[in-house]
Amino acid sequence: MRTDHRLIAFETIVTREVRRFTRIWMQTLVPPVITISLYFVIFGNLVGSRIGEMGGYQYMEFIVPGLIMMAVIQNSYSNVVSSFFSQKFQRSVEELLVAPIPNYVILAGFIAGGMARGLCVGLIVTVVSLFFADLGIHSLPITFSVVMLTSLVFSLGGFINAVFANNFDDISIIPTFVLTPLIYLGGVFYSIELLPPFWRVVSQLNPIFYMVNTFRYGILGTSDIDVAWAFAMLVLFIVLLYGVCIWLLRRGTGVRS
Amino acid sequence: MTVAIAVSQLEKRYASGTVALKGISLEVGQGDFFALLGPNGAGKSTFIGILSTLVTKTAGEVRVFGRDVDTHIYQTKLDLGVVPQEINFSQFEKVGDVVRTQAGYYGLPRKLAAARSEKYLKQLGLWDKRNERSRSLSGGMKRRMMIARALVHEPRLLILDEPTAGVDIELRRSMWDFLLEINRAGTTIILTTHYLEEAEQLCRNIAIIDEGRIIENTSMKKLLLELDTHAYVLDTDGPLAGDVAHEEAGLSLRKTDAHSIEAVLSGGRDINSAIAVLDGLGIRVASMRNKANRLEQLFLSRLRANGGGEG
């Protein structure tokens, strides 16, 4: 397939993905914004005003980066997993498989769609957060790059989940039983300095902890971890997950018989 | 004859252990309208799945327009248009979007994609439906939309897996006309169907597949010439008073109900001999029809000869 044809195919997949999540905006864009706004009101405003400072910042300021990251992670993941699985379920994935599109273009299209939704929801949540806290940006390059890479990681993760999913339960198991606990225990609402030494070590095994903290560093300039290590880990995850996705597509796992 | 498809010793064993294809070899000429017939579970859809790359073969070689599909996968896909048996498009997308999106998958620039989708949606009578959600289409419209989608990149080979299943007779005939037209324009077509009249009307060559093997592969003309026996149902213009039973060489008549008689002709006897006998008995024939499609009789006899089938 010629390069210009590959670009058109990629653009077509991304357009269809964006069209999908904007067509059902009441399911994809509004609920996460309402949920995160409730976090702002309840944890940030009502409870947070009694907590005082966390990590040297007002509690509301402390949790805002984590909540934005939570929205990005959940939406990047769920967009890809639900879109690719519903295409498998409706068999419309066959439209892609019979077309002369290289596997990496198919993958890139779905990942770009997942990132588009993750970043779109992240942006809306950021705008909403401005009603509750004065946000500055300590480092734009770090903030931007960590949110992009995190969105990419979880879009790839969503793709793998969708490949193996056989029913609608299978696409909610990982988000419910793995992602949500990891996010909640990933330092969104607290600094790990508050934890006993054992749980501090356990927290450091949670990859989301590094992503949240790096993003917080980009916005506030404060972090519990080494930012360079977090970026290295993100890149490693991307390489590994990308390799798995391409391998699965090449084998035709879940889509070819 | 330039070959559009050359399949050699094609085998497919599924993970479940089912062997769907047992070393099929087959050639389809360029420009042909080719029928692939067989009972349910014979291996037709597996064969088509392998051609369209949705099913991976276990062994054998498949060449499309001279190219090995294993080593020329992208060019092969460009040459193919596939209309599957099952509905396989997003039910939530608009009709126009489904067809345009498929054009984009094949690398057609936006303007060309729009022009092609307009062309084929118009030809298939769906242009008025372009802004409707595809799930709102009737069964026949959905099938036509899948044909428009398969043609949008103008493939050299169109594979139709039971394209008229569930489509009413009037619509089916208009689809036949359309398919004959694109075949005349140069598109090679492979058709699987359960409507044997459809295969007889449209196809020049035929293969019958049963239990994963090709049991017949010839031209439609030759196959039909082999048919020696014809059965007709003759409707009389009044109720039959007594029994009608007549046997002579090449002609058998029997009453099936108060108003109809079955005539079975063989050995070159034609229908006039049956009508002459009935005339002699004072029975006038008001109308008549084939008892069964000619190809159907052959199809069933081949399956019976193969030791199975639905006959």
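The sections below set out a description of the structure shown in this document. (Residues numbered from 1 in each chain as written. Chains lettered and ligands numbered in written order. Predicted model: local features only at pLDDT ≥ 70, side-chain atom pairs only at ≥ 80, totals over all residues. Heavy atoms only, no water.)

Turning our attention to the overall build of chain B. Scanning chain B for helices and strands turns up 10 helices and 15 strands. With respect to the three principal axes, the spread of C-alpha positions in chain B is 70 × 45 × 40 Å. In chain B, which comprises 311 residues, the proportion classed as buried is 51%. In the structure as shown, chain B presents an accessible area of about 13900 Å², 47% of it carried by carbon and sulfur atoms. Counting 40 positive and 39 negative side-chain charges, chain B places the averaged centre of each group 8 Å from the other. (Helix = DSSP H or I, 4+ residues; strand = E, 2+ residues; numbered from the N terminus. Buried < 20%, exposed > 50% of the residue type's maximum accessible area, 1.4 Å probe, protein only. Areas by Shrake-Rupley, 256 points an atom, 1.4 Å probe, with all protein chains shown as cover. Lys, Arg positive; Asp, Glu negative; His and termini not counted. Charge placed at Lys NZ, Arg CZ, Asp CG, Glu CD.)

Attention now goes to the side chain of B:Glu262. All names here are of chain B. Inspection of the secondary structure assignment puts Glu262 in strand 14 (residues 260-265). Residue Glu262 is classed as buried on the basis of its relative accessible area, which comes to 11%. Each residue touching Glu262, except ones within four places of it in the same chain, is listed here: Tyr232, Ser252, Leu253, Arg254, Thr256 and Lys291. (Contact = heavy atoms within 4.5 Å.)

On to the layout of surface pockets. Estimated volume of the largest pocket: approximately 820 Å³. Looking at the largest pocket, it is lined by 40 residues, and the ones nearest its centre are A:Arg20, A:Ile24, A:Thr28, A:Ser82 and A:Arg117. Of all the secondary structure elements, the ones that give two or more residues to the lining of the largest pocket are helix 1 (3-23), helix 2 (25-28), helix 3 (30-51), helix 4 (59-90) and helix 8 (170-184) of chain A together with helix 3 (95-105) of chain B. Among the residues forming the lining of the largest pocket, the class breakdown is 17 nonpolar, 17 polar and six charged. (1 Å grid on protein atoms, 1.4 Å probe; cavity = no way out; pocket = protein on both sides within 12 Å on 5 of 7 lines; lining within 4 Å. Points joined across faces, edges and corners; volume = space filled by probe spheres on them. Nonpolar A, V, L, I, M, F, W, Y, C, P; charged D, E, K, R; others polar.)

Bringing the pattern of salt bridges into the picture now. Taken as a whole and judged by the stated rule, the model has 20 salt bridges over all chains. A salt bridge links A:Arg19 to B:Glu93, with the shortest nitrogen-to-oxygen separation between them at 2.8 Å. With A:Arg19 in helix 1 and B:Glu93 in the loop between strand 6 (80-83) and helix 3, this residue pair bridges two chains. For A:Arg19, a relative accessible area of 24% gives the class partly exposed. With relative accessibility at 6%, the residue B:Glu93 sits in the buried group. Residue A:Arg91 is joined to A:Glu94 by a salt bridge in which the shortest nitrogen-to-oxygen separation is 3.0 Å. (Salt bridge = Lys/Arg side-chain N within 4 Å of Asp/Glu carboxyl O.)

Where nonpolar side chains cluster on the molecular surface, the patch consists of A:Ile34, A:Leu38, A:Val41, A:Ile42, A:Phe43, A:Leu46, A:Val47 and A:Ile51 and spans about 660 Å² of accessible area. For A:Leu46, the location among the structural elements is in helix 3. (Patch = residues over 30% accessible without salt bridge, like charges linked within 9 Å, V, L, I, M, F, W, Y side chains within 5 Å.)

Moving on, we get to the nonpolar core. If you look at the biggest cluster of nonpolar residues, it comprises 130 residues, and the most contacted ones within it are A:Leu67, A:Phe159 and B:Leu158. In terms of residue count, helix 4 of chain A provides more of this core than any other element does, 17 residues in total. What A:Leu67 contacts, discounting residues up to four positions off in sequence, is A:Ile36, A:Tyr39, A:Phe40, A:Val188 and A:Phe189. (Core = buried A, V, L, I, M, F, W, Y, C linked by side-chain atoms within 4.5 Å.)

All names here are of chain A. As a packed pair, helix 4 and helix 8 sit with axes 11 Å apart at the nearest point and diverge in direction by 170°. As judged from the angle between their axes, helix 4 and helix 8 are roughly antiparallel. Here Met70, Ile73, Gln74, Tyr77, Val81, Ser82 and Phe85 of helix 4 lie close against helix 8, whose contacting residues are Ile171, Ile174, Pro175, Leu179, Thr180, Ile183 and Tyr184. In the contact of helix 4 with helix 8, the residues fall into 11 nonpolar, three polar and no charged. (Axes fitted to C-alpha atoms, helices over the stretch in contact; angles between N-to-C directions. Parallel < 35°, antiparallel > 145°, perpendicular 65-115°, else oblique.)

This next bit is on helix 7 (residues 140-164) of chain A. Here helix 7 of chain A is 25 residues long and its end C-alpha atoms lie 37 Å apart, about the 36 Å a rise of 1.5 Å per residue gives. For helix 7 of chain A, the N-terminal capping position is held by A:Ser139, with its side-chain oxygen 3.3 Å away from the main-chain nitrogen of A:Ile142. (Expected span 1.5 Å × (residues − 1). Polar contact = N/O pair within 3.5 Å; in protein donor to acceptor, adjacent residues only side chain to side chain.)

Mapped onto the elements, A:Thr12 comes out in helix 1. Judged by its relative accessible area of 14%, A:Thr12 falls in the buried class. Each residue touching A:Thr12, except ones within four places of it in the same chain, is listed here: B:Thr101, B:Gly104 and B:Tyr105.

What follows deals with the interface of chain A and chain B. Contact with chain A, which involves 25 residues of that partner, is made by 31 residues of chain B. Buried area between chain A and chain B, both sides added, is near 2600 Å², and the carbon and sulfur share of it is 52%. On the chain A side of the contact with chain B, A:Glu95, A:Val98 and A:Ser257 bury the most area, a combined 24% of that side's loss. For the interface between chain A and chain B, the tally reads four salt bridges. In this structure, B:Arg110 engages A:Glu11 in a salt bridge whose closest nitrogen and oxygen atoms are separated by 2.1 Å. Connecting chain A to chain B are 15 residue pairs in polar contact (both at pLDDT 80 or more). Of all the secondary structure elements, the ones that give two or more residues to the side of chain A that touches chain B are helix 1 and helix 5 (93-97) of chain A. (Buried area = accessible area lost by both parts, 1.4 Å probe.)

So, about empty space enclosed by the protein. Summed over the entire model, instances satisfying the criterion amount to one cavity of 30 Å³ or more. Quantified by volume, the largest cavity comes out at close to 100 Å³. Taken together, 13 residues make up the lining of the largest cavity; nearest its centre are A:Glu95, A:Val98, B:Val82, B:Gln102 and B:Arg149. Elements with a contribution of two residues or more to the lining of the largest cavity: helix 5 of chain A together with strand 6 and helix 5 (139-151) of chain B. Of the residues in the lining of the largest cavity, the class split is six nonpolar, four polar and three charged.

This part is about the packing of aromatic side chains. Using the criterion set out here, one finds 15 aromatic pairs over all chains in the structure. Between A:Phe209 and A:Tyr210, the ring centres sit 5.3 Å apart and the planes meet at 80°, which makes this aromatic pair edge-to-face. Using a relative accessible area of 0% as the deciding quantity, one classes A:Phe209 as buried. Judged by its relative accessible area of 9%, A:Tyr210 falls in the buried class. If you follow A:Arg216 out to its NZ or CZ, it ends over the ring of A:Phe62, 3.6 Å from the centre. A cation over an aromatic ring shows up here: B:Lys12 above the ring of B:Tyr14, its NZ or CZ 4.9 Å from the ring centre. (Phe/Tyr/Trp six-rings, centres within 6.5 Å; stacked < 30°, edge-to-face > 60°. Lys NZ or Arg CZ within 6 Å of the ring centre and 35° of its normal.)

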